[in-house]
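Chains, contacts and geometry: an overview
The chain contents come next:
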Protein chains: 2
Amino acid sequence: MEKRHDHAEAIKLARENMPKDELLCDLGDLFKIFGDTTRIKILYLLFESELCVLDMTELLGMEQSAVSHQLKILKDAKLIASRREGKMNVYFLSDDHVRSIIGQGFEHLTEEGERE
Amino acid sequence: MEKRHDHAEAIKLARENMPKDELLCDLGDLFKIFGDTTRIKILYLLFESELCVLDMTELLGMEQSAVSHQLKILKDAKLIASRREGKMNVYFLSDDHVRSIIGQGFEHLTEEGERE
DNA sequence: ATATCATATGAACAATGATTCATATGTATG
DNA sequence: CATACATATGAATCATTGTTCATATGATAT
């Protein structure tokens, strides 16, 4: 009887190419940030234009405090950045990876849909 | 004094391009799946070769039950698929979006690192 | 059939995390 | 300096979620 799945070989290959635990942890932490609807919404908002906190609070229909908390998380992850403008803090995307990552997720979802 | 941040215009632009809530939710749910080290590890393992549950249990040094639970989550999200081979269930990546998404996350992390 | 191997699954528990409330910081203006 | 405006932050709460334990299902061989 032919053996189709070769445990030893598969395990060897998989083990050799496993990145360090720290990187895997960082990756998880990064994606965790995208794993929340509020934060996804904020990022989408910033796709189009810079926004101050009150703008976002209004657009999201949420409490100002909740928005600020999420902005901090996004900023700590360097996904967004901000600058002062008088009394306001204006937020904007800090690089294009955000668009790429969300774009890939979007593709996965829509192609799944088509197949069914 | 020149007004640098135009609230009305920014809000209008942002609101027009906001996808439906359902999509935003689905996106969040998808990324939530990548937001766990165990699942990231499993996906990385499957980058190289198909694996049965016991292979992964050994490679991850985790309980079989924990691995199975995570496999179910990945399978429900159509990120992986499986086939029977005798007593075993052999798992494999179901499409290349997994590689792209993780790749983008990886890039964000490493480029951040370089800049500092 | 029964014993065994491989995997799946349900319930319980502990940890994590998003939101709210209350309050503090920072900035302009009278 | 006092007041109002814009934002940030700490503590508390409620919900979500990963893991474990115990057990169920499914497949093979004797």
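Residues numbered from 1 in each chain as written. Chains lettered and ligands numbered in written order. Predicted model: local features only at pLDDT ≥ 70, side-chain atom pairs only at ≥ 80, totals over all residues. Heavy atoms only, no water.

What follows concerns the side chain of Gln70 of chain A. All names here are of chain A. Among the secondary structure elements, Gln70 is positioned in helix H5 (residues 64-76). By relative accessible area, which is 17% here, Gln70 ends up buried. When near neighbours in sequence (up to four residues on either side) are disregarded, Gln70 contacts Asp36, Thr38, Arg39 and Ile42. (Helix = DSSP H or I, 4+ residues; strand = E, 2+ residues; numbered from the N terminus. Buried < 20%, exposed > 50% of the residue type's maximum accessible area, 1.4 Å probe, protein only. Contact = heavy atoms within 4.5 Å.)

Residues in close proximity to DNA strand D total 26 residues, the closest being Gln64, Ser65 and Tyr91 of chain A together with Arg39 and Ser65 of chain B. Of all DNA strand D atoms lying within 4 Å of any protein atom, the proportion belonging to sugar or phosphate reaches 65%. His69 of chain A is positioned such that a nitrogen or oxygen atom in its side chain is 2.9 Å from a base oxygen of DNA strand D. Only helix H4 (53-60), H5 and strand S3 (88-93) of chain A together with helix H3 (37-48) and helix H5 (64-76) of chain B provide two or more residues apiece to the surface near DNA strand D. Of the residues in the surface near DNA strand D, the class split is 8 nonpolar, 10 polar and 8 charged. (Near = heavy atom within 4 Å. Polar contact = N/O pair within 3.5 Å; in protein donor to acceptor, adjacent residues only side chain to side chain. Nonpolar A, V, L, I, M, F, W, Y, C, P; charged D, E, K, R; others polar.)

To continue, consider the interface of chain B and chain A. Between chain B and chain A, the contact holds 58 residues from the first and 58 residues from the second. For the chain B and chain A pair, buried surface summed over both sides reaches about 5,300 Å², with 68% attributable to carbon and sulfur atoms. Linking chain B with chain A are 2 salt bridges. One salt bridge connects Lys41 of chain A with Asp21 of chain B, and the closest N-O pair in it is separated by 3.6 Å. Linking chain B with chain A are 12 residue pairs in polar contact (both at pLDDT 80 or more). (Buried area = accessible area lost by both parts, 1.4 Å probe. Salt bridge = Lys/Arg side-chain N within 4 Å of Asp/Glu carboxyl O.)

What is shown is where atoms sit, not what they do.
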